[in-house]
Amino acid sequence: QKEVEQNSGPLSVPEGAIASLNCTYSDRVSQSFFWYRQYSGKSPELIMSIYSNGDKEDGRFTAQLNKASQYVSLLIRDSQPSDSATYLCAVNIGGNYKLTFGKGTLLTVNP
Amino acid sequence: KAGVTQTPRYLIKTRGQQVTLSCSPISGHRSVSWYQQTPGQGLQFLFEYFSETQRNKGNFPGRFSGRQFSNSRSEMNVSTLELGDSALYLCASRLGEMYEQYFGPGTRLTVT
């Protein structure tokens, strides 16, 4: 089993819709979870971090964490064409500061 | 506050050569991590330095090495370059014991 898995996508949603991105991880002791956004040709940009079970909201973004199910998700409300990018899930596997990334989900928001 | 900077941004090298990449973290950040990103393997962790000490190392051959200086700036070296080393090399910095890592723009290395 891969350590961090994401829906490979691509995911296409219309402008204004909710985009839902999912990620599962294998290590039960992981405590820190991150979502990065990466535009084509650019470096990853941190958009959300979450450490506790439940929801964390920041503007149009909501991260959801369920440690029992080893599942973390990112919801983007009112999706905009500018949200079109690859979204990377990252986890601190093993409790150290090394980030293990999923392969990313390409999101396209259609005007 | 200035972000993470990396130099050079683009590099073309020949197989068998060596290369050194540089990273300056966000001011006040003492941890620097290096990652390799390729289309096939995605983002993979290379190593992490904190206060001039390597704290973690990924599963890369010994041709990949790094160091960190007293001002927290870090360098990464790849010796005996192979075609498969062509990738985007990303540096990320972290403040103290916080977990959030912030990436620089990356160095695009092409090995011919």
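The preceding data block contains the structure.
Residues numbered from 1 in each chain as written. Chains lettered and ligands numbered in written order. Predicted model: local features only at pLDDT ≥ 70, side-chain atom pairs only at ≥ 80, totals over all residues. Heavy atoms only, no water.

### Points about the sheet that holds strand β8 (residues 71–76) of chain A
Adjacent strands of a sheet form backbone hydrogen bonds with each other and so pair up, either parallel or antiparallel. Residues and elements named next belong to chain A. Condition: In this description, strands pair whenever DSSP reports at least two bridges between them. For the purposes of this entry, the term helix denotes a DSSP run of H or I that reaches at least four residues, the term strand denotes a run of E that reaches at least two, and both are numbered from the N terminus. Lines fitted to the C-alpha atoms define the axes, with helices restricted to the stretch that makes contact. Angles between their N-to-C directions range from 0 to 180 degrees.
Here five strands make up an open sheet; going across it, the order is β1-β3-β8-β7-β6 and the pairing antiparallel. The outermost strands of the open sheet, each flanked by one partner alone, are β1 (4–6) and β6 (54–58). Taking each pair of neighbouring strands and ignoring which way they run, the sheet shows an average axis angle of 20 degrees. Where β6 lies against strand β7 (residues 61–66), five bridges are found, and the strand directions are antiparallel. Across the sheet, the residue bridging to Lys-56 is Ala-63, located in β7.

### Side note on the pairing of strand β9 (residues 85–92) of chain A
Residue and element names in this part refer to chain A. How we decide: Burial classification: accessible surface area is computed with a 1.4 Å probe over protein chains only, and a residue below 20% of its type maximum counts as buried, one above 50% as exposed, and the rest as partly exposed.
Within β9, seven of the eight residues are buried, which leaves the element mostly enclosed by the surrounding structure. Bridge count between strand β4 (residues 33–38) and β9: six bridges; the pairing is antiparallel. By the bridge assignment for β9, Arg-37 is matched with Tyr-87. Bridge count between β9 and strand β11 (residues 105–110): three bridges; the pairing is antiparallel.

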